Every structure is written in structure tokens, then in C-alpha cells.
Amino acid sequence: MRIFRGIRAHISEPCVLTIGNFDGVHLGHKALLARVRAKAAELGLPATVLCFEPHPREYFAPDTAPPRLCSMWRKLALLQAAGVDQICVQPFNADFADLDADTFIRQVLVEGMQVRHLMIGDDFRFGRGRNGDFEALQEAGARYGFSVEAMGTEEVAGERVSSSAVREALQAGQIEHATRLLGEPFVVEGWVQHGDKIGRTIGFPTANIRMRQQTLPLSGIFAVTVDGGPLKHAVGAASIGYRPTIAEGLALRVEVFILDYSGDLYGERLSVRFWHKLRDEKKYDSLDALKAAIGKDCDDVRAWFATHPEYLSLREQHG
Ligand SMILES: Cc1cc2nc3c(=O)[nH]c(=O)nc-3n(C[C@H](O)[C@H](O)[C@H](O)COP(=O)(O)O)c2cc1C
Ligand SMILES: Nc1ncnc2c1ncn2[C@@H]1O[C@H](COP(=O)(O)OP(=O)(O)O)[C@@H](O)[C@H]1O
């Protein structure tokens, strides 16, 4: 997969294009990408994605923009897995935000991306004030020589699949529902860094995952599987929270105790898959009480995986 930064860079052949932020690359995105790939194969042109960095919502309202479902790296990996041939990551800045719909079509889609066929989601809007819509694209397509297709709503059990729906499910602790919408478990990836070395003193050393962002769409204690370094589908108990038992005002931590494992994980890159929420984080009166709680969490993790064998097939698919 080729990656371009900005539309003026090196796009030299016509393409089948889709535009969007693809946060989380959920089942709706995957359905759209499958159609882009099929059309690209039919026309013998590269399947191409145009996305924006930062996300327009982060640009316009950085304080209220929702947490991302995945990092840029993971998004690129998922798009590649979905058969995308090239992706253009367009910096979203003041100039770009100010383009009106007509200029966006001419400068970005026609001159920049050389679009031949454009596939969009049913709610796609673009240009200054979000004035551009499907009709505007069709009309421009007739003028500039590209076709436009809108994809219908992708649903799971009657619910529209969307990044916000995934976010809401995660926030509400409905992890299995988020998995259904994503088509695979929610993942956090990162390098293992040093913590405060308290974990080992209470019998539960935890691999601390270094996070770039300080917000995540979920919090609490979870049944997870972990891959990376020496681990393959290892079962663990993960905590996303602020460790109120240790002190007030600590930074957000993602950490995981891996069951039936001992070894050195510092410096490894781990992928943690979230299958089920066990409980919310709590402030305990002592380290002994915290230790007992984590011990019970581990029992609950074992019990959950023992009674949910369906995770095995998903694990095989996405392991
Ligand atoms: C399964 C699990 C559950 C946890 N639950 C809580 C909790 O409810 N409250 C809390 O303050 N910390 C909780 N923690 C975080 C511990 O406080 C943390 O692992 C400990 O401080 C060790 O930190 P260290 O890695 O810096 O040594 C939990 C950790 C794990 C792995
Ligand atoms: N079962 C395990 N689960 C997670 N990490 C483990 C485990 N066994 C050993 N480790 C190692 O111990 C480290 C965590 O120990 P801990 O005392 O919590 O220190 P830190 O505060 O630096 O995370 C991990 O980063 C990893 O290298």
C-alpha cells in the first residue's frame, strides 16, 4: 500500500476513491472498502482512500472531540488488510477547511486525486460549512468525467454501524456489542514501559502500555487477550484507569497482568484485545484489598473465557 502525505504529492494515475476518516475501521467501513476494491478491480485502477489528519472534528473542536478508536498506524494496517492500494493523508488545516464545495471537487478530487469513480457513505458531506453533498458530486462528476456511488447504511441487528456507535458501546462497557460493530475486538497497541514497580510487590506485575493519547473510549477492568513479543493469544486481566488506590490525580494507565506468565516484557510491542468488561475501577483502602480484588478479577477472567468459547474462532480469524 502506498501512503501519500497531502494531495499534491505524487498521485499520477486515475483512481477509484473513497473519502473518510475510517476511525476504528468498523464493519460499515469494511463493507464500503470491499465495494471500492471490487470497483477498482473492475476498472483496473488503484483502490484509494483520502483521509484527513487531524480529524476535522479535532481541528474544529479539539477540547470536545471524542477519543479515537485507533491510532493512525493501526488504521493504516487495517486499510491495507482491507485491500486498499493507496492512501492519501491530507493535513486538515485552515486553508483546507476553507475550501468551498466546488473548489474541493476541482482541486482535491479532480486535479489532486484524479478520481474516476467515487464511492461514499450515505451521510458524506464536504467543503466549507459541510455544504457539499451527493447531488453536488453527481452534478460535478458529469462535468469532470467521474462517476459517483453512495453506499447504503450498514447495519448490525437493525443498528447503523458507526464510529460513534462503537464509542458509545465501549463507554457503556458493552464490549461484546462493540466487537459486533467492529467485526473484531477493540485493540490497544503500544510499547511496554516501566511503571512504579508496585505490581510485583503485590504479586501482580503489570505490563504498562505506553499511550500517545490521554483519552480512551473505555475504562475499567477487562478480560483481554494479548499478543506480541513472546505472547500469542495470552489471556490477561487489564486495567484502564487512574489507580486511585495508589494516589489521587495520577495519569491514565493501560496495564495488563498476564495469567500464567512470568518473564520480561519491557520494550515489547503488545496488542491488547478487549473481550469483556468485569467492573469499574475502585479506590481500595489498602494494597492488600487491591491485591484481593485483582486476584478475584483473574478468577473472573478465567471463568469468562471458559464460558465463552466463541472468542476462539474470532481469535483464529484475527489473531
Ligand atoms: C486486573 C487489574 C485490576 C485493577 N484494579 C484496580 C482498581 O480497582 N483500583 C486501583 O486503584 N488500581 C487498580 N489496578 C491498578 C493497580 O493499582 C496497579 O496495577 C498497581 O498500582 C501496579 O502499578 P505498577 O505497574 O506501576 O507497578 C488494577 C490492575 C489490574 C491489573
Ligand atoms: N504475568 C505478567 N504480566 C505482566 N507483566 C509481567 C508478568 N510477569 C512479569 N512481567 C514483567 O513485569 C513488569 C511489570 O512489573 P511491575 O512490578 O508492575 O513493574 P512496572 O511498574 O515497571 O510495570 C512487566 O513490564 C513485565 O516485564
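Here the structure is shown first, and the text comes after it.
What you see is a predicted model, and the numbers here were worked out from it, not measured in a lab. (Residues numbered from 1 in each chain as written. Chains lettered and ligands numbered in written order. Predicted model: local features only at pLDDT ≥ 70, side-chain atom pairs only at ≥ 80, totals over all residues. Heavy atoms only, no water.)

A.B. asks: How do you make sense of the nonpolar core when you look at a structure like this?
C.D. replies: In globular proteins that are soluble, nonpolar side chains generally tend to be buried together. If you look at the biggest cluster of nonpolar residues, it comprises 34 residues, and the most contacted ones within it are L218 and F274. Apart from residues no more than four positions distant in its own chain, L218 is found in contact with L170, I175, F186, I240 and F274. Counting 28 residues, the second largest nonpolar core, distinct from the first, contains C15, L17, F92 and F96. (Core = buried A, V, L, I, M, F, W, Y, C linked by side-chain atoms within 4.5 Å. Buried < 20%, exposed > 50% of the residue type's maximum accessible area, 1.4 Å probe, protein only. Contact = heavy atoms within 4.5 Å.)

A.B. asks: How should I be thinking about the site of ligand 1 in this particular structure?
C.D. replies: Neighbouring ligand 1 are 23 residues; D196, I198, G199, E255 and K282 lie closest to it. With respect to ligand 1, the side chain of T245 contributes an N or O atom lying 2.8 Å from an oxygen atom. Here an oxygen atom of ligand 1 and a side-chain polar atom of R279 are 3.0 Å apart. Burial of ligand 1 by the protein amounts to 99% of the accessible area it has alone, namely 620 Å². At the level of secondary structure, the elements contributing two or more residues to the shell around ligand 1 comprise β12 (231-241), β13 (253-258) and α9 (287-307). (Near = heavy atom within 4 Å. Polar contact = N/O pair within 3.5 Å; in protein donor to acceptor, adjacent residues only side chain to side chain. Areas by Shrake-Rupley, 256 points an atom, 1.4 Å probe, with all protein chains shown as cover. Helix = DSSP H or I, 4+ residues; strand = E, 2+ residues; numbered from the N terminus.)

A.B. asks: Help me out: how do you make sense of the sheet that holds strand β11 (residues 220-228) in this one?
C.D. replies: Across a sheet, strands are paired by hydrogen bonds formed along the backbone, either parallel or antiparallel in direction. A barrel is described by the order of its strands in space; here six strands give the closed sequence β9-β10-β13-β12-β11-β14, paired in antiparallel fashion. Each strand of the sheet is rotated relative to its neighbour by a mean of 45°, with strand direction disregarded. Here β11 pairs with strand β14 (residues 269-279) via seven bridges, running antiparallel. Bridging from a neighbouring strand, A223 pairs with H276 of β14. (Pairing = 2+ DSSP bridges. Axes fitted to C-alpha atoms, helices over the stretch in contact; angles between N-to-C directions.)

A.B. asks: Is there a simple way to explain helix α6 (residues 134-144) in this structure?
C.D. replies: One turn of the α-helix equals 3.6 residues, which is why residues spaced by three or four share an orientation. All of the buried residues in α6 are L137, A140 and G141. What you see down the axis of α6 is that its buried residues fit within an arc of 110°, all on one side. Across from the buried face of α6, at angles greater than 90 degrees, the exposed residues are E135, A142 and R143. Each element contacted by the buried residues of α6 is listed here: α5 (101-112), β5 (115-121) and β6 (147-151). Looking one or two residues beyond α6, the residue adopting positive phi is G145, at roughly 85°. (Arc of directions from axis to C-beta.)

Just distances and angles here, no functional claims.
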